[in-house]
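Chains, contacts and geometry: an overview
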Amino acid sequence: MDIWTSRAIALLEADANRSADTHLHVFPLPAEWGIDLYLKDESVHPTGSLKHRLARSLILYGLVNGHIHEGTTLVESSSGSTAVSEAYFARMLGLPFVTVVPRSTVQEKIALIEFYGGTCHFVDRAEDMSDEARRLASDCDGHYLDQFTFAERATDWRGNNNIAESVFSQLAQERHPIPRWIVVGAGTGGTSATFGRYVRYRRHETQVAVVDPEGSAFYDGWAGNTDAPAGRPSRIEGIGRPRVEPSFVPTVIDEMIRVPDAGSIAAIRMLRDRTLHWAGGSTGTNLYGAFQLIARMREAGETGSVVTLICDSGVRYAGTYYSDEWVAAQGWDLAPHRARLDAFLETGVWGE
Ligand SMILES: Cc1ncc(COP(=O)(O)O)c(C=O)c1O
């Protein structure tokens, strides 16, 4: 192995060694329910989201496979959290980073990618992103990191401080150390694949539920609805896809829950009001699903713990999900969903 590659791997390992593990917060539920809800806060990673882990794994995967060398241009197709984190690591290794994004991408996200030294390459149609990224990489003899294909392969599902191992070790001293449910969303599908494989590998009774926003293809893919209408771009940042992506592993998912977009946004505002945690939309989708599973546990007289994620910080969405004007422009009425969430926290019943 050449010196540059060895040094590059050492730099990535040193970054992991410098980074403290992300917190596991308790969401306040009535103690008499006998059910504990935990929020794994991935927004505290240096680049602000759960994608910090994936970006490090994808680049390590490219290095150990001999696809990334000194001077290699790294290419991705993402306008979101993944591109921000990959730009951070590319700069750390002194490599150029280009990400293909839709021309409609908001300025804040472009600025964040450029802040970490990345360059945005624009396409008119979102569905052209991955082909354009593949073309760009071959034109410049670069390496296409391709999160949607390699997320499930690049992440070590056995452990190595992956997100699942971290959660189980942080629950070890809790009254219900083995969670009944783990609830996550799917963008690439990498996070749900990691949790699903890890709980099976460790032979835990824990079940994995995946929440899906409006218009996403994952639910129908998982349910085997072959005649389902084509998906459409998601309005909840980071999750939901118009097609079922290669890193989505339906066989390790025990349950899927569709969540209305207005419900996701109502849930993050409820989270902010009740805990002061500012989170992005996909965290609201997680909570909306988790509450339903907790209501089901209460109906069945079950006690136990449920874990979900704070995927990224809400600061990025001050001008969108936290703006009443922007929300109204989407045609979203948050009030009925907020009433349902608040009623659930009073009664434990998931009402209509
Ligand atoms: C904010 C946010 N939440 C959730 C996810 C879903 O994670 P995964 O890609 O591992 O399915 C993503 C993925 O991009 C994300 O950016």
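Residues numbered from 1 in each chain as written. Predicted model: local features only at pLDDT ≥ 70, side-chain atom pairs only at ≥ 80, totals over all residues. Heavy atoms only, no water.

Quick look at the overall build of the protein chain
- The secondary structure content of the protein chain amounts to 13 helices and ten strands.
- Against the compact-globule benchmark of 20 Å for 352 residues, the protein chain has a radius of gyration of 20 Å, which places it among compact chains.
- Its C-alpha atoms put the protein chain at 60 × 45 × 40 Å along the principal axes.
- Buried positions account for 56% of the 352 residues belonging to the protein chain.
- In the protein chain, the proportion of contacts linking residues at least 24 apart, taken out of those at least 6 apart, comes to 75%.
- Summed over its atoms, the accessible surface of the protein chain is roughly 14900 Å², and 50% of this surface lies on carbon and sulfur atoms.
- Looking at the protein chain, you have 33 positive and 45 negative side-chain charges, and the mean spots of the two groups are 2 Å apart. (Helix = DSSP H or I, 4+ residues; strand = E, 2+ residues; numbered from the N terminus. Rg over C-alpha atoms; globule rule 2.2 N^0.38 Å. Buried < 20%, exposed > 50% of the residue type's maximum accessible area, 1.4 Å probe, protein only. Contact = heavy atoms within 4.5 Å. Areas by Shrake-Rupley, 256 points an atom, 1.4 Å probe, with all protein chains shown as cover. Lys, Arg positive; Asp, Glu negative; His and termini not counted. Charge placed at Lys NZ, Arg CZ, Asp CG, Glu CD.)

Some points on the sheet that holds strand S4 (residues 97–102)
- Pairing is parallel in the open sheet, where four strands are placed in the order S5-S4-S3-S6. Two strands bound the open sheet, and with one partner strand each, they are strand S5 (119–123) and strand S6 (143–144).
- Pairing of S4 with S5 involves five bridges; the strand directions are parallel. Opposite Pro-102, over in S5, you have Val-123 as the bridge partner.
- Along the sheet, helix H4 (residues 107–115) makes contact with S4 and S5, crossing S5 at roughly 140 degrees.
- Lying on the sheet, helix H5 (residues 129–139) is in contact with strand S3 (74–76), S4, S5 and S6; it crosses S4 at an angle near 155 degrees. (Pairing = 2+ DSSP bridges. Axes fitted to C-alpha atoms, helices over the stretch in contact; angles between N-to-C directions.)

With respect to the pairing of strand S10 (residues 304–310)
- Where burial is concerned, most of S10 is hidden: seven out of the seven residues are buried.
- Pairing of strand S2 (residues 35–41) with S10, which is carried by seven bridges, proceeds in the parallel orientation. Bridging from a neighbouring strand, Asp-36 pairs with Ser-305 of S10.
- Two elements, strand S7 (residues 181–185) and S10, share three bridges in a ladder whose sense is parallel. Opposite Trp-181, over in S10, you have Val-306 as the bridge partner.

Focus: the domain arrangement of the protein chain
- As assigned here, the protein chain comprises domain 1 (18–49 + 152–347) and domain 2 (52–149).
- Each of domain 1 and domain 2 has a C-alpha centre, and the two are 25 Å apart.
- The interface is formed by 27 residues belonging to domain 1 together with 19 residues belonging to domain 2.
- Across the salt bridge formed by Arg-53 and Asp-21, the nearest N and O atoms sit 3.6 Å from each other.
- If you look at where domain 1 meets domain 2, you find ten residue pairs in polar contact (both at pLDDT 80 or more).
- Within the residue set of the side of domain 1 that touches domain 2, elements represented by two or more residues are helix H6 (147–154) and helix H7 (163–170). (Domains from an automatic or database assignment. Salt bridge = Lys/Arg side-chain N within 4 Å of Asp/Glu carboxyl O. Polar contact = N/O pair within 3.5 Å; in protein donor to acceptor, adjacent residues only side chain to side chain.)

Remarks on the site of the ligand
- Near the ligand you find 16 residues, and of these Lys-51, Gly-187, Thr-188, Thr-191 and Ser-282 are the closest.
- Between the ligand and the protein, one listed contact pairs an oxygen atom with a side-chain N or O atom of Thr-188 at 2.7 Å.
- Contact with the protein chains covers 95% of the free accessible surface of the ligand, which is 380 Å².
- Residue composition of the shell around the ligand, by class: four nonpolar, nine polar and three charged. (Near = heavy atom within 4 Å. Nonpolar A, V, L, I, M, F, W, Y, C, P; charged D, E, K, R; others polar.)

Remarks on the layout of surface pockets
- Within this model, the second largest pocket holds a volume of roughly 720 Å³.
- Forming the boundary of the second largest pocket are 31 residues, of which Arg-53, Arg-56, Ser-57, Asn-160 and Asn-161 lie nearest the centre.
- Counting residues per element, the ones that place at least two in the lining of the second largest pocket are helix H1 (3–18), helix H2 (51–64), H6 and helix H8 (190–201).
- Ranked by residue count, the leading element in the lining of the second largest pocket is H2, at eight residues.
- For the lining of the second largest pocket, the per-class residue count stands at ten nonpolar, 14 polar and seven charged.
- Viewed by domain, the lining of the second largest pocket spans two of them, domain 1 (18–49 + 152–347) and domain 2 (52–149), each represented by three or more residues. (1 Å grid on protein atoms, 1.4 Å probe; cavity = no way out; pocket = protein on both sides within 12 Å on 5 of 7 lines; lining within 4 Å. Points joined across faces, edges and corners; volume = space filled by probe spheres on them.)

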